[in-house]
Amino acid sequence: MKPPRLRAAGVVPLVLAACALASASLAAQDSARWKAWPGSRPPRPLPASDMRFPPYEVRTLANGLRVIAVSQNEQPAVTLRLLVRAGSAQDPKGKAGLATLTASLLDQGTTTRTAEQIADTIDVVGGALGTGAGSDLSFISAVVMKDSFDLALDLLSEVARHPAFKDEEIARQREQLVSAMKVSAEDPDFLAGAVIDRLIYGFHPYGVPGSGTPESVAGLTRGDVARFHRDWFVPNNAILAIVGDLSPQEAFAGAERALGGWERRDVPVLAFPEPPPATRRVVVVDKPGAVQTEIRIGNVAIPRKHPDYLALDLAVRILGGEGSNRLQRVLRSERSLTYGAAADLQALKQAGGVVAETDTRSQATGEALRLAVEEFWKPIREPVGEWELANAKAYITGNYPLTLETPDQIALQVLNATFFELDLKELETFRGRVNAITVDDVQRVSRLYLQPSRLSVALVGDAGVISAQLRAVGFDAFEVVPIDQLDLLAVNFRRGSPQASNRQP
Amino acid sequence: MIFRTRRLLLTAPALALALAGLPWPLSAAVRPPKIPYQLTKLPNGLTVILSEDHSTPIVHLSVWYHVGSKDEPKGRTGFAHLFEHMMFKGSKNVEPEQHTSTISSIGGQVNAYTTEDTTVFWQTVPAQYLPLVLWLEADRMATLRIDEATFKSEREVVKEERRMRIESQPYGRLQEIIYDQAFTVHPYKHPIIGSMADLEAASVADVRDFYETYYVPENATLCLVGDFDAAQALELITRHFGPVPRAPRAVPRNIPREPPQTKERRLTIEEDWPLPAVVVAHHITYDGDPDAYPLHIASKILSDGQSSRIYRKLVYEDRIALAAFGQGHIIEHPNLFYAVAIVQPGRTPAEVAAALIAELDRLRDEPISARELQRAKNQFARDYIIGRESVQEKALHLSHAVVLHNGDITTADGEFDIFQGVTAADVQRVARTFFTPENRLVLTILPRGRGPGGVPGGQGGAQ
């Protein structure tokens with residue numbers, strides 16, 4: 001259960017995965033301390049108490065705004081999250097970065113308050129307000145102590161409905177975006193992620209960087225921003241979660257008061273192109289002198305609302321997720337090639353992909369790449385072990401109560417399901433559905449969606465050191481792009497070359 | 001498996017300046033509830049903190065060892081963190097990596113981190129597995145496996161961690177540059193992850209000695225928060241940890257003191273970074289000192305929210321910085337209060353340094369307004385409240401109080417009232433004490449081999 005993809009957000013805790021090396025270690029084991037310590041086996045668990053999905057309520061206001069309320073009384077705080085169903089995927093052709101720029105401007109002045117007044121209003125009560133955009137959504141979040149609930153709700157309503165988009169603020173945010181891109185343009189982690197997205201999704205909107213490029217952001221106008229806001233920021237295209245120390249009745253009454261007058265309007269209907277079929281393509285972004293190579297490999301897969309989602313999620317977890325991570329075992333535990341290796345199922349609204357990532361010292365790039373690709377083949381060639389699947393399932397089902405600890409976590413799960421238009425009953429039946437997946441299911445979806453012979457590869461590192469290694473492990477055809485020539489919107493990734501786009505007008 | 005870095009908040013918006021004349025609530029902040037606890041000590045010296053919380057059927061167990069990178073002698077930097085990795089390599093009854101795989105297979109989360117002062121191991125699991133996690137932690141406290149082959153392979157993993165976090169990311173080396181320049185003899189001078197050369201020089205004999213010296217019950221604090229019965233839990237803890245032997249010798253605490261800085265230092269260096277960075281750092285006091293609380297307030301005034309002073313002046317109004325903040329790193333021994341700014345293309349490091357210094361001077365030369373003080377206190381209340389929602393966060397506050405405030409667990413909640421009692425005069429007093437020119441380090445870090453504004457020499461801008 002991942003939250004909607006928010007590019008701006010979050011640190012994922014890296015939890016190391018399973019493996020017993022079974023090395024007999026004898027060296028330090030002759031001490032008195034060792035000998036005196038009794039031999040023992042893992043103790044039995046205590047009686048377990050069952051955990052059901054905690055209570056929440058959902059209502060839809062007359063104007064179409066969906067409101068989710070989760071109540072808890074442990075800490076005197078309230079969190080508000082408004083999701084609008086439009087993000088960088090809705091950026092018009094040639095306007096990459098528009099959703100990001102629009103979201104960054106929401107709290108930078110409204111028709112009744114300046115940016116400074118908004119900041120002062122939320123800060124002085126000890127609250128926090130944030131805005132941003134992801135690939136399929138824009139968001140406004142606020143957290144306040146319970147006595148400032150009305151203040152936060154009014155402020156959220158105002159920045160969602162009446163942003164001023166003053167030229168001066170647009171210029172300021174654009175400058176920030178472009179300067180931040182100068183930093184990102186030298187960050188191997190960011191670049192590897194952006195290049196693999198392009199390779200997997202092509203010129204489907206998911207292949208284009210959500211923050212845009214310096215050139216695309218330079219071309220965005222006030223008219224673009226205002227149009228994006230007018231088109232998409234309507235109540236029937238939004239979901240609000242109200243979470244914390246107040247009753248559902250108070251939450252719904254507050255939502256009705258502050259947002260009941262927000263006018264419904266039809267939103268545009270966009271036709272998204274299919275991502276291109278999986279194609280073997282290897283791109284090396286050359287960063288001379290790099291001590292490490294960032295590695296991403298992947299191919300196109302399925303969107304979140306797809307019947308194979310849960311089985312593929314398990315397959316990808318076995319490949320490189322929490323609970324059972326083959327990539328981590330091979331690359332870190334067995335070979336010490338990396339600090340971390342993982343695979344992720346990006347199951348988004350319109351499409352999805354499977355992406356594995358790791359980083360390794362430059363001299364080990366070929367070996368790490370070969371080993372990672374090999375792991376894409378294994379679940380196709382032979383079924384995963386029963387115990388391995390059982391472990392992966394046990395992790396997900398056992399982890400269930402840990403994912404429902406705080407009211408915000410609960411609300412995120414309801415928001416997530418609502419955002420992806422899933423049946424909310426799935427929240428309750430989650431563990432049963434996980435447990436029904438079989439070894440055969442995992443092999444079937446691996447064969448359908450892991451395409452090792454057509455994997456795309458993005459590498460950011462020192463091409464002078466990497467190139468010969470790539471050839472030695474069978475990657476004879478690859479493109480090298482100097483880091484300062486990289487253009488994520490160009491067909492061949494190079495500045496000054498043709499830019500293609502199938503994106504919506 | 002991770003070391004905790006002092007984060008550079010590149011994207012955190014933060015600014016200052018209150019708007020005069022508007023009405024505002026000056027009510028006292030909402031008081032968060034106190035975290036209940038029991039504090040005991042086993043005969044072998046192990047400190048035990050228990051806090052029942054039955055809201056979700058999970059338990060969080062953490063073990064803090066009071067050893068961090070400041071306990072490392074010169075030439076052995078990075079050792080505490082490297083050792084943290086070794087703690088996952090098995091013990092008498094637990095195979096290498098089994099700790100992690102076992103916790104995963106029950107749906108739990110497990111990790112560890114190393115700071116300058118402490119090494120913390122933690123796991124959160126479904127409540128019925130309490131006996132299992134106690135067994136795992138006790139086994140490695142008593143009998144860690146230490147062998148040459150695992151040590152060498154784990155050292156390679158840590159080197160990759162250093163390459164990834166420090167050497168490959170823009171500004172990844174910023175913290176280690178600041179600390180290397182600011183300190184002369186105190187081990188806060190060196191980075192938590194250590195240097196490549198020292199990692200290479202570490203031996204398996206060092207590992208054994210480190211284990212026997214620091215990984216002993218007297219130097220450990222166990223904290224359990226969550227859905228359990230305290231009497232039953234204490235019985236289980238005593239059963240598993242009671243037999244761990246006492247340390248053969250006292251835990252050494254011979255850490256060199258940093259002599260006071262007596263005159264301002266300014267220097268300029270070059271790094272392979274996209275845009276110039278400017279740092280203004282001052283030596284300050286330690287965590288728990290009465291002067292520390294007004295310094296926390298000063299951090300809020302300078303950098304919490306878009307109305308905070310540094311954000312509003314440097315990023316919003318003058319547009320000279322892409323990102324900027326100033327905050328105290330207030331830990332066990334006297335550390336630093338530092339302000340950092342990334343210089344906007346077209347602006348100069350000199351004007352940014354002057355602007356940061358002006359904001360620190362302003363705290364010294366005039367009292368903060370009543371409104372700003374109230375804002376900072378409300379922000380503190382918010383941090384207190386939303387920072388105590390999970391069992392992990394509760395354990396963090398309780399353990400931190402015991403380990404870093406000389407066993408005074410009452411500070412876990414009591415600090416709330418201390419903060420609410422801080423006055424504008426207190427903030428000005430500590431600013432006068434610490435934000436002096438002779439106690440200042442001004443660092444300018446320019447992109448290597450590039451023109452001003454971070455653009456590679458001879459080329460136009462990115463646009």
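Calculation rules
- Residues numbered from 1 in each chain as written.
- Chains lettered and ligands numbered in written order.
- Predicted model: local features only at pLDDT ≥ 70, side-chain atom pairs only at ≥ 80, totals over all residues.
- Helix = DSSP H or I, 4+ residues; strand = E, 2+ residues; numbered from the N terminus.
- Buried ≥ 20, exposed ≤ 12 C-beta atoms within 10 Å, placed from the backbone.
- Contact = placed C-beta atoms within 7 Å.
- Arc of directions from axis to C-beta.
- Pairing = 2+ DSSP bridges.
- Axes fitted to C-alpha atoms, helices over the stretch in contact; angles between N-to-C directions.
- Domains from an automatic or database assignment.
- Nonpolar A, V, L, I, M, F, W, Y, C, P; charged D, E, K, R; others polar.
- Core = buried A, V, L, I, M, F, W, Y, C linked by C-beta atoms within 7 Å.
- Parallel < 35°, antiparallel > 145°, perpendicular 65-115°, else oblique.

Peer 1: What is the right way to look at the overall build of chain B in this model?
Peer 2: Each helix and strand in chain B was counted, giving 15 helices and 12 strands. Expressed along its principal axes, the backbone C-alpha trace of chain B runs to roughly 60 × 55 × 45 Å. The 463 residues of chain B split such that 58% are buried. Long-range pairs, those at least 24 residues apart, make up 81% of the contacts in chain B with a sequence separation of at least 6.

Peer 1: Where do I start with helix α7 (residues 204–214) of chain B in this structure?
Peer 2: Turn by turn, an α-helix covers 3.6 residues, leaving residues three or four places apart pointing in a common direction. All names here are of chain B. What α7 keeps buried is the set V207, F210, Y211 and Y214. When α7 is viewed along its axis, its buried side chains cluster within an angular range of 100 degrees and face the same direction. For α7, the exposed residues set more than 90 degrees away from the buried face come down to A205 and D209.

Peer 1: Mind showing me how you'd approach the sheet that holds strand β8 (residues 292–300) of chain A here?
Peer 2: Hydrogen bonds along the backbone pair up the strands of a sheet, which may run parallel or antiparallel. All names here are of chain A. Spatially, the 6 strands line up as an open sheet ordered β9-β10-β8-β11-β7-β12, and their pairing is mixed. Two strands in the sheet have a free side with no partner beyond their single neighbour: β9 (341–347) and β12 (479–482). Each strand of the sheet is rotated relative to its neighbour by a mean of 20 degrees, with strand direction disregarded. Bridge count between β9 and strand β10 (residues 352–361): 7 bridges; the pairing is antiparallel. Its bridge partner lying in β10, A342 is registered against E357. Where helix α6 (residues 188–201) meets the sheet, its contacts fall on β7 (281–286), β8, β10 and β11 (456–461), and the angle it forms with β8 comes to roughly 25 degrees.

Peer 1: Explain the domain arrangement of chain B here, please?
Peer 2: Interfaces are often sized by the amount of accessible area the parts lose when they come together. Residue and element names in this part refer to chain B. Here chain B is described as being made up of domain 1 (43–241) and domain 2 (260–454). If you average the C-alpha positions of domain 1 and of domain 2, the two centres end up 28 Å apart. The partner domain 2 presents 26 residues to the 30 residues of domain 1 that form the contact. Those elements that provide at least two residues to the side of domain 1 that touches domain 2 are β3 (47–52), β4 (58–65), β6 (119–126), α5 (174–182) and β7 (220–226). Its residues placed into classes, the side of domain 1 that touches domain 2 shows 14 nonpolar, 11 polar and 5 charged.

Peer 1: When you look at the interface of chain B and chain A in this model, what are you seeing that I'm missing?
Peer 2: Listed per partner, the contact involves 85 residues of chain B and 88 residues of chain A. Where the side of chain B that touches chain A is concerned, the elements lending two or more residues are α2 (98–105), β5 (109–114), β6, α3 (130–142), α4 (148–167) and α12 (370–386) of chain B.

Peer 1: Would you explain the nonpolar core in this entry?
Peer 2: The nonpolar side chains of soluble globular proteins are, as a tendency, buried together. Residues and elements named next belong to chain B. In terms of nonpolar packing, the biggest core is built from 137 residues, with A321 and A341 touching the most fellow members. Considering every element that reaches this core, the biggest residue donor is strand β11 (residues 336–343), with 8 residues. A341 has contacts with V278, L314, A321, A324, V352 and L356, leaving out every residue within four places of it along the chain.

Peer 1: Honestly, the pairing of β9 of chain A in this entry has me stumped. Any pointers?
Peer 2: Of all 7 residues in β9 of chain A, 6 are buried, a share of seventy percent or more. A loop of 4 residues connects β9 of chain A with β10 of chain A, the two strands running antiparallel in sequence.

Peer 1: What exactly am I supposed to notice about the environment of I386 of chain B here?
Peer 2: Along the chain, I386 of chain B turns up in helix α12. Distance in space between the C-alpha atoms of I386 of chain B and P32 of chain B is 9.3 Å, their sequence separation being 354 residues. In this view, I386 of chain B contacts Q75, A77 and V143 of chain A; residues no more than four positions away in its chain are not counted.

Peer 1: Would you mind showing me how to read the packing of helix α2 (residues 98–105) of chain A against helix α8 (residues 222–232) of chain A here?
Peer 2: When two helices pack together, you describe them by how their axes are tilted relative to each other and by the distance separating the axes. All names here are of chain A. Between α2 and α8, the least distance of the axes is 9 Å, while the angle of their chain directions is 85 degrees. In terms of axis orientation, α2 runs roughly perpendicular to α8. Of the residues in α8, those touching α2 at L98, A99, L101, T102 and L105 are D224, V225, F228 and H229. Counted by class, the contact of α2 with α8 contains 6 nonpolar, 2 polar and 1 charged residues.

Peer 1: Sorry if this is basic, but what is going on with the environment of Q413 of chain A here?
Peer 2: All names here are of chain A. Structurally, Q413 is set in helix α14 (residues 407–419). Owing to 23 C-beta atoms within 10 Å, Q413 belongs among the buried residues under this scheme. Placed 324 residues apart in sequence, Q413 and A89 show a C-alpha to C-alpha distance of 22 Å.

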